[in-house]
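# Tertiary structure, described
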There are 2 protein chains.
Amino acid sequence: MKLSQGVEWALHCAVTLAEADAGDLASRRTLAGYYDLPEAYLAKHLKSLVRAGVLIASPGPRGGFRLARAPEQITVLDVVEAIEGTTPSFVCTEIRQRGACAVPPERCTAPCPVAQIMLDADRAWRDSLRAVTLADISGRLSEPTRARAKAWLADPSTPPPPVS
Amino acid sequence: MKLSQGVEWALHCAVTLAEADAGDLASRRTLAGYYDLPEAYLAKHLKSLVRAGVLIASPGPRGGFRLARAPEQITVLDVVEAIEGTTPSFVCTEIRQRGACAVPPERCTAPCPVAQIMLDADRAWRDSLRAVTLADISGRLSEPTRARAKAWLADPSTPPPPVS
DNA sequence: GCATAGATACTCGGATAGCAACTGTCCGAGTCCTCGGGG
DNA sequence: CCCCGAGGACTCGGACAGTTGCTATCCGAGTATCTATGC
């Protein structure tokens, strides 16, 4: 039960892209420089986000990534599932149907109680992530942070001065 | 985000042990035979349960495992954390303090919003698992299943006849 | 001055090594039961 | 018949390989821009 490190990167990059003006693109170099992340590896996760329909990529110079939808319509769960996959964390292998006291399949109409509880917990986890959007996170950021992000995305060549 | 397979084994074994009479022990061979699991590998997980204080092991012939507390006082979370560990699924590496737009540490008094949301979801997941005890699961089992479990634990040499 | 063709530089995408963690297994330490011998 | 002691068998516990998936990286395909040339 350990989440991939790429989840943190993907979430922060998605929030950063939510600060960009509509239509503006941010290349993976720009995003990697924003957080000082290895560019090649970050690209792998950005690609997963594109494949999941969270981001849209444009090739060529002046190309880059942008959100596929408005920040209000992208949930944290969308980003997490893009990296980690949509398969539930718990998979029931029906061991109750094996061994000396195996329950015959015709008696297994109801789902295994153990699996039921684990899936309920998994659902609670996903519901909690689904309730928060990128716009919500953006709203929790301080105004200077948002301003600096916007400035960096507009012109990555000149880093904004550190906050005093 | 994938739970270890041992979680399923540990949960089922714990539920099975909850059916045993107080004071009765079940060896790992007995438990492995119950679900037709590899005995040596199951032992690894049972050992984790002992280390976490969920089970108590007794050596020697007629030895084995028993619950450390009453089934009503052992939550599913206790078993899951015994296998998976207690560290949260999401670890914040504070990447907001790195890179071109690094936020200075003195401005990071509030926790990172991204980490906050991920930890909230992790808490929801754990709360969901903490709300269910082994006794609850035991109550959801059918009466024939409970009876067969009890009979097998009392005498593993003669498997109970299959339910008609 | 303008249009066009070519070269260029920058972007994303897939395919390729390296390492950690889960999976699976074995053997040793300790304990209780059993069996044999002696009283 | 009862007590004692040695042996054996069964238990758990820690230490040791194998495999899958995350970590990290590189190079190729494609495109918009820039430049130089011709009109």
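Refer to the structure presented above.
Scope of this entry: the structure provided in the associated data block. (Residues numbered from 1 in each chain as written. Chains lettered and ligands numbered in written order. Predicted model: local features only at pLDDT ≥ 70, side-chain atom pairs only at ≥ 80, totals over all residues. Heavy atoms only, no water.)

### Section: helix α5 (residues 113–130) of chain B
Given a rise of 1.5 Å per residue, 18 residues ought to cover 26 Å, and the 25 Å separating the end C-alpha atoms of α5 of chain B matches this to within 8%. Taken residue by residue, α5 of chain B has Pro113, Val114, Ala115, Ile117, Met118, Ala121, Asp122, Trp125, Arg126 and Leu129 of chain B as its buried positions. Elements that come into contact with the buried residues of α5 of chain B comprise α1 (5–19), α4 (76–84), α5 (113–130) and α6 (134–140) of chain A together with α4 (76–84) of chain B. (Helix = DSSP H or I, 4+ residues; strand = E, 2+ residues; numbered from the N terminus. Expected span 1.5 Å × (residues − 1). Buried < 20%, exposed > 50% of the residue type's maximum accessible area, 1.4 Å probe, protein only. Contact = heavy atoms within 4.5 Å.)

### Examining the pattern of salt bridges
The final tally for this structure, using the stated rule, is 18 salt bridges over all chains. Asp127 of chain A serves as the salt-bridge partner of Arg130 of chain A, at 3.0 Å between the closest nitrogen and oxygen. Residue Arg130 of chain A and its partner Asp127 of chain A are located together in helix α5, separated by three residues, close to a single helical turn. According to the relative accessible area criterion, Asp127 of chain A is partly exposed, its value standing at 38%. Across the salt bridge formed by Asp78 of chain B and Arg69 of chain B, the nearest N and O atoms sit 3.2 Å from each other. According to the relative accessible area criterion, Asp78 of chain B is partly exposed, its value standing at 25%. Through salt bridges that share partners, Arg28, Arg29 and Glu39 of chain A make up one connected network. (Salt bridge = Lys/Arg side-chain N within 4 Å of Asp/Glu carboxyl O.)

### Looking at the relation of the copies chain B and chain A
When chain B is fitted to chain A, the best match, at an RMSD of 0.0 Å, comes from turning it 180° and sliding it 0.0 Å along the axis. Here the transformation between the copies is reduced to the relation of a two-fold axis. Closest approach to the rotation axis among the C-alpha atoms of chain B is made by Trp125 of chain B, whose C-alpha sits 2.5 Å away. Here 100% of the contact residues of chain B are again contact residues in chain A; the copies associate through an equivalent surface. (Least-squares fit on C-alpha atoms with pLDDT ≥ 70 in both.)

### Structural notes on the protein's contact with DNA strand D
Taken together, 20 residues lie around DNA strand D, and Ser4 and Tyr41 of chain A together with Lys47, Gly60 and Phe65 of chain B are the ones closest in. The share of sugar and phosphate among atoms of DNA strand D within 4 Å of the protein is 53%. A distance of 3.0 Å separates a sugar or linking oxygen of DNA strand D from a polar atom in the backbone of Gly60 of chain B. Breaking the surface near DNA strand D down by element, the ones donating at least two residues are α3 (39–51) of chain A together with α3 (39–51), β1 (55–58) and β2 (64–67) of chain B. For the surface near DNA strand D, the element with the highest residue contribution is α3 of chain B, accounting for four residues. Considering only residue class, the surface near DNA strand D consists of eight nonpolar, seven polar and five charged. (Near = heavy atom within 4 Å. Polar contact = N/O pair within 3.5 Å; in protein donor to acceptor, adjacent residues only side chain to side chain. Nonpolar A, V, L, I, M, F, W, Y, C, P; charged D, E, K, R; others polar.)

### Some thoughts on the pairing of β2 of chain B
Residue and element names in this part refer to chain B. Relative to β2, β1 is paired through four bridges, and the arrangement is antiparallel. In the sheet register, Ile56 faces β2, and the bridge partner there is Arg66. Counting the residues in the hairpin turn of β1 and β2 gives five residues, including Gly60, whose phi is positive at 80°. (Pairing = 2+ DSSP bridges.)

### Digging into the interface of chain B and chain A
Contact residues are listed per partner, giving 57 residues for chain B and 57 residues for chain A. Carbon and sulfur atoms make up 69% of the surface buried where chain B meets chain A, a total of about 5,000 Å² over both sides. For the chain B face of the interface with chain A, the top three residues by lost area are Met1, Ile95 and Cys101 of chain B, together amounting to 16%. Inspection of the chain B/chain A interface yields zero salt bridges. Put simply, chain B and chain A have 14 residue pairs in polar contact (both at pLDDT 80 or more) between them. Those elements giving two or more residues to the side of chain B that touches chain A turn out to be α1 (5–19), α2 (28–35), α4, α5, α6 (134–140) and α7 (143–154) of chain B. In terms of residue count, α5 of chain B provides more of the side of chain B that touches chain A than any other element does, twelve residues in total. Per-class residue counts for the side of chain B that touches chain A are 36 nonpolar, nine polar and twelve charged. (Buried area = accessible area lost by both parts, 1.4 Å probe.)

Limitation: the analysis is restricted to geometry and does not speak to function.
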